[in-house]
Amino acid sequence: MRLRDEQLDWELDSQDAYVPVYHQGDLVGFFKQDYAEELIKFLNEDEVLKKALKIACVDLLKAAGKDISKVDILMEKYIKISERPKYGTRAIALLLRERQEELDLGNQEFAKFCDTFKLSPTELNNIYAGEEVDDSLLAPLARILGITKERLLTVRDGSEDTNV
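Residues numbered from 1 in each chain as written. Predicted model: local features only at pLDDT ≥ 70, side-chain atom pairs only at ≥ 80, totals over all residues. Heavy atoms only, no water.

Asks: Looking at this structure, I do not really get the environment of Leu137. What am I missing?
Replies: With respect to the element layout, Leu137 can be found in the loop between α5 (121-128) and α6 (138-145). Expressed as a C-alpha distance, the spacing of Leu137 and Phe117, which sit 20 residues apart in the sequence, is 10.0 Å. Residues in contact with Leu137, not counting those within four places in the same chain, are Leu119 and Glu123. (Helix = DSSP H or I, 4+ residues; strand = E, 2+ residues; numbered from the N terminus. Contact = heavy atoms within 4.5 Å.)

Below is the structure:
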């Protein structure tokens, strides 16, 4: 909820078919009306969420007795943690969680499902715990996830450009 006369960071002028979009009073571009409204709504919500994250991080630093000038570093840490992992064990764990949801299985049912493909519950838990994925697990994981072994290898060992 905003107070009356409060200046929003992002706004638009809706008089034309292509409407100008402004950021803090500066013209940044022109968009079709129907796209502009959604874009502005999203960008303003994003600004609010960033402000809320900053306030929360400052509160955490104060509570821990730490230097609040490091708030940007803490914010970056939390943003990085929140991003979808693109490669490595965390990416494989996320793919497994998504596969579980896709199959609409509970944790125990999914563990049994994986076990039928020769991925033991212990190995599954090790992946969720972030342990390295051994080459011997690539074939069962590929079958469970429904992707090729080569694609899974790319996810496990990928680079920043890997799209999961």
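Asks: Looking at this structure, I do not really get a negative patch on the surface. What am I missing?
Replies: Together, Asp34, Glu37, Glu38 and Glu45 make up a region of like negative charge exposed at the surface. Relative to the elements of secondary structure, Glu45 occurs in helix α1 (residues 33-63). When its relative accessible area of 43% is taken as the criterion, Glu45 is described as partly exposed. (Patch = residues over 30% accessible without salt bridge, like charges linked within 9 Å, V, L, I, M, F, W, Y side chains within 5 Å. Areas by Shrake-Rupley, 256 points an atom, 1.4 Å probe, with all protein chains shown as cover. Salt bridge = Lys/Arg side-chain N within 4 Å of Asp/Glu carboxyl O. Lys, Arg positive; Asp, Glu negative; His and termini not counted. Charge placed at Lys NZ, Arg CZ, Asp CG, Glu CD. Buried < 20%, exposed > 50% of the residue type's maximum accessible area, 1.4 Å probe, protein only.)

Asks: Please clarify how the nonpolar core should be interpreted in this entry.
Replies: Counting residues in hydrophobic clusters, the biggest one holds 20 residues, and the most contacted among them are Ile92, Leu96, Leu119, Ile127 and Leu141. In this view, Leu119 contacts Ala111, Cys114, Leu124, Ile127, Leu137, Pro140, Leu141 and Ile144; residues no more than four positions away in its chain are not counted. (Core = buried A, V, L, I, M, F, W, Y, C linked by side-chain atoms within 4.5 Å.)

Asks: Sorry if this is basic, but what is going on with the environment of Thr122 here?
Replies: Within the secondary structure layout, Thr122 lies in helix α5. Looking at Thr122, the relative accessible area reads 54%, which means it is exposed. Measuring from C-alpha to C-alpha, the distance between Thr122 and Ala111 comes to 9.1 Å, with 11 residues separating the pair along the chain.

Asks: How should I be thinking about the pattern of salt bridges in this particular structure?
Replies: All chains considered together, the criterion is met by six salt bridges. A salt bridge links Glu98 to Arg84; its shortest N-O distance comes to 2.7 Å. Of this pair, Glu98 sits in helix α3 (residues 89-103) while Arg84 is found in the loop between α2 (71-82) and α3, placing the two residues 14 residues apart along the sequence. Judged by relative accessible area, Glu98 falls into the partly exposed class, the value being 31%. Residue class for Arg84 comes out partly exposed when judged on its relative accessible area of 39%. In this structure, Arg99 and Glu102 form a salt bridge, with 2.4 Å as the shortest nitrogen-oxygen distance. Residue Arg99 and its partner Glu102 are both found in helix α3; the two are separated by three residues, about one turn of the helix.

Function cannot be inferred from these measures alone, as they are strictly geometric.
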